[in-house]
Every structure is written in structure tokens, then in C-alpha cells.
Amino acid sequence: MKALVLSGGAGTRLRPFSYSMPKQLIPIVNKPVLEYALENIVDLGVTEIAVIVGDWAPQIAEVLGDGSRFGARITYIHQERPLGLAHCVALARPFLGGDDFVMYLGDNMLPRGISAIAEQFRTRGPDAQVVVSKVPDPRAFGVAELAPDGSVVALAEKPQQPRSDLALIGVYFFTAAIHRAVAAIEPSARGELEITDAIQWLVGHGFDVRAGEYDGYWKDTGQADDVLECNRRLLGELTARIDGEVDATSEIIGPVVVEAGARVVRSRIVGPVVIGAGSVVEDSRIGPDVSIAGDCVLRATQLADSIVMTGASITQVPGLHGSLIGRSARVGPSDHAQAHHRLVVGDHTRVEVAA
């Protein structure tokens, strides 16, 4: 089996971050979303991985490299512009050949992994298998309608009157039959080759299409609130570890990770919190539910339920929560700015906040 990871989207819902970095590299507990996807794939024993990239190809390649640190080999395939998930399959056909493959949206978080569903695919041997999860309101998703035996009888994209509560969550298992389907379909009204149309073509032409239900936590990290929710969820599984320096006047409560080279001085840290290597926290109140990346500086600041990315600094800002602070951003005090309690600050940005 091979893998096809899709990382070419524009990420318009995550602006201003997506102006300066791909959404798949947004960190959750100090690790890019895309790395979680690759780890789940390698856990299946899959080592031949193609990554579809767009305008952010150099940045993604810089982070992932050739795949060797994951125990895999990565091939990068460039997509000029987003033309649909099925178009990605067509682009990757020379790489995929006649092999089975898993297709995985690179901005999806499935912390429990997909090994059980992959085993279903290998054991049952259908022509295709979609991964679904029950959702309260399926109208925002692709929806699968199943027969009593678990086979897929119909797919609908964001239906106003869903016929089931089983949403497609961005992971698919395919045999080479999908290439025939992709070649047969036409672009949708929005000008894209839709993977749901290709799967529906398989269903309509008598191929065996199954659904595997994922019953764990999952999240499409396409919006700031989704990123923060996912960060909270994964921080909840944190195991305390102090490898850096914590002075005698500081207080550490609950699960807190202080990476090697980080320093905590005259501060109170309430876990779950992770403080990355080389970061400095002084005279501050941090947590709960905070991820601070490497080489950050936080002084005289109160921060909760937030993500602070590499190289950022926050100084003299009380009561900050529910915030995303971009790489090398500078957040500081001002006597003139309106008071803020929640911020979304892009990379290399300076923001003044009323103290």
C-alpha cells in the first residue's frame, strides 16, 4: 500500500496565518498538523508517500524533508491550483501505479490513528473504503448513506436534507479501480473533480464500496477555533516532564512539560502546558491549555487556552486567552490601544494591547 497526502489547499479560513504559512504546518502541541498525519500513515506500515503541494511547496518540504525521519520516503507532486481531490489522484497516478493506497487530507487530526480501519480494508478487500464518523449536523460535510450490510449506496456533498449522520472525514482507502472512476467523471459546478463523484461512480457501476466508522476524536483544523480545540484535546493527554530550568520561586501545577533549554522564572504554570526548548517565561501566569513553541519570550503576561508559535514574544499583557500568536510576532502593551483578551496574530506581526 502507498499513501497520498493532500497539502495544497489555500487555507483561507485560517488567515492571517495562511498568508505566511500553509495551514497544514499550524502546530498542535508544538508539532505541525501534517506530521500527525504522516505518523498515522507510517503506523500502517506504509513507507511510500506522495504529498500533493501547491504554492507552499518549499515550506512543506523544508519541514518534512525526504521523509527519512518518519521512516518513509516522500515524493512531492505539485498541483498548480486546487482542482479537486480527484484531480490530486489523477496527478499522482504515475506514483501510485496499480497499488492500493490511502488518501489522507493533511489538515485532519485523528489522534487515535487509522490502523483499525486500514485492517478492515485489507481484510474485506473492497474496491474502495471511506472513513466516516457520526456528527450532530451532517449538512456541512460529505455524507455517506449505507445499506444494512455496511456497503455505501450513495454519497451526497453537504446535503440540506441528509439521509444519514455519517460524515466523510477526509481519509479514504482505494484500489486501482479509483483511477477508472476519476477518468470517467466531469468537473463539478465549481470546476473541480470531486472525489465524492468518483466514489459515486464506483457505486453506480457495481464496485464494492464500504465505510469504516472512526469513533474517536477527530477534527478538521481549518479554523482558529478548531485548532485551539484540538490543542486542548491533545494537551489533555500530556505527561509532566521538566527538562529545562524552573527556579525556586516558580510554581508548577498539574501536567507541565518544560523542554530542555527552556527557563521558567518567578512564574506560575498551571497545566496542561508545554514550553518549548529555548523559551523564557518570567513573572507570568500561564495555563491551563497553553502550547508555547521554541525560542519564545513571555514576560509579565497572563495567558490561557492559547498557542504561541516559534520565536514569538508577549510582554506585559494580562488576561490573554483563546489566542493564536504567529511565528516571531510581537505582542506588547499600549496606553492607547483598545483592550483585547483574545488575539489571532499572524507571523512577524507587532500588536499593541491595552494593559
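The structure under discussion appears in the preceding block.
About the criteria used
- Residues numbered from 1 in each chain as written.
- Predicted model: local features only at pLDDT ≥ 70, side-chain atom pairs only at ≥ 80, totals over all residues.
- Heavy atoms only, no water.
- 1 Å grid on protein atoms, 1.4 Å probe; cavity = no way out; pocket = protein on both sides within 12 Å on 5 of 7 lines; lining within 4 Å.
- Points joined across faces, edges and corners; volume = space filled by probe spheres on them.
- Helix = DSSP H or I, 4+ residues; strand = E, 2+ residues; numbered from the N terminus.
- Patch = residues over 30% accessible without salt bridge, like charges linked within 9 Å, V, L, I, M, F, W, Y side chains within 5 Å.
- Areas by Shrake-Rupley, 256 points an atom, 1.4 Å probe, with all protein chains shown as cover.
- Salt bridge = Lys/Arg side-chain N within 4 Å of Asp/Glu carboxyl O.
- Pairing = 2+ DSSP bridges.
- Right-handed = clockwise from strand over helix to strand, strands pointing away.
- Buried < 20%, exposed > 50% of the residue type's maximum accessible area, 1.4 Å probe, protein only.
- Arc of directions from axis to C-beta.
- Contact = heavy atoms within 4.5 Å.
- Phe/Tyr/Trp six-rings, centres within 6.5 Å; stacked < 30°, edge-to-face > 60°.

Novice: What is the right way to read the layout of surface pockets from this model?
Specialist: Empty space among the atoms becomes apparent when a probe as large as a water molecule is rolled across them. The space that makes up the second largest pocket amounts to roughly 440 Å³. Lining of the second largest pocket is provided by 18 residues; of these, Leu25, Pro32, Val63, Thr310 and Arg327 occupy positions nearest its centre. Within the residue set of the lining of the second largest pocket, elements represented by two or more residues are β3 (31-32) and α2 (57-64). Counting residues per element, the lining of the second largest pocket draws most heavily on α2, which supplies three residues.

Novice: Sorry, what's going on with a nonpolar patch on the surface here?
Specialist: Taken together, the side chains of Ile242, Val246 and Ile252 make up a nonpolar region of the molecular surface, amounting to roughly 200 Å² of accessible area. With respect to the helices, strands and loops of the structure, isoleucine 242 is situated in strand β14 (residues 241-242).

Novice: How should I be thinking about the sheet that holds strand β19 (residues 268-270) in this particular structure?
Specialist: Whether parallel or antiparallel, the strands of a sheet pair through hydrogen bonds between backbone atoms. Strands sit in the order β16-β19-β22-β25-β28 across an open sheet of five strands; the sheet is parallel. With partners counted over all chains shown, the strands left at the sheet margins are β16 (251-253) and β28 (320-321), one partner each. Where strand β25 (residues 302-304) and β28 come together, two bridges link them in parallel fashion. Across the sheet, residue alanine 304 finds its bridge partner in β28, namely histidine 321.

Novice: Looking at this model, I keep getting lost on the pairing of strand β5 (residues 73-78). Mind explaining?
Specialist: Each regular strand displays side chains that alternate between the two surfaces of the sheet. Summarising the sheet, strand β4 (residues 48-53) and β5 pair through six bridges and their orientation is parallel. Looking across to β5, one finds that isoleucine 52 is bridged to isoleucine 77. For the segment spanning β4, α2 and β5, crossover handedness is right-handed.

Novice: Is there a simple way to think about helix α5 (residues 115-124) in this case?
Specialist: Since the α-helix advances by 3.6 residues per turn, residues separated by three or four positions end up pointing in the same direction. Within the sequence span of α5, burial applies to Ile117, Ala118 and Phe121. Summarising the axial view, the buried residues of α5 lie within an arc of 105 degrees, below the 170-degree limit, and thus occupy one face. More than 90 degrees from the buried face of α5, the exposed residues found are Ala116 and Thr123. Where the residues of α5 are buried, they touch β8 (128-134), β11 (166-174) and β12 (209-213).

Novice: Would you take a moment to explain the packing of aromatic side chains for this structure?
Specialist: The geometry of an aromatic ring pair is captured by the separation of the ring centres together with the interplanar angle, meaning the angle of the planes. One pass over the structure, following the stated rule, counts five aromatic pairs. Ring centres 5.4 Å apart and planes at 50 degrees place the aromatic pair phenylalanine 101 and phenylalanine 174 in the tilted group. Of this pair, phenylalanine 101 sits in strand β6 (residues 101-105) while phenylalanine 174 sits in strand β11, placing them 73 residues apart in sequence. Across the pair, exposure class does not vary: phenylalanine 101 and phenylalanine 174 are buried alike. By the ring-pair criterion, three or more aromatic residues cluster together here, those being Phe101, Tyr172 and Phe174.

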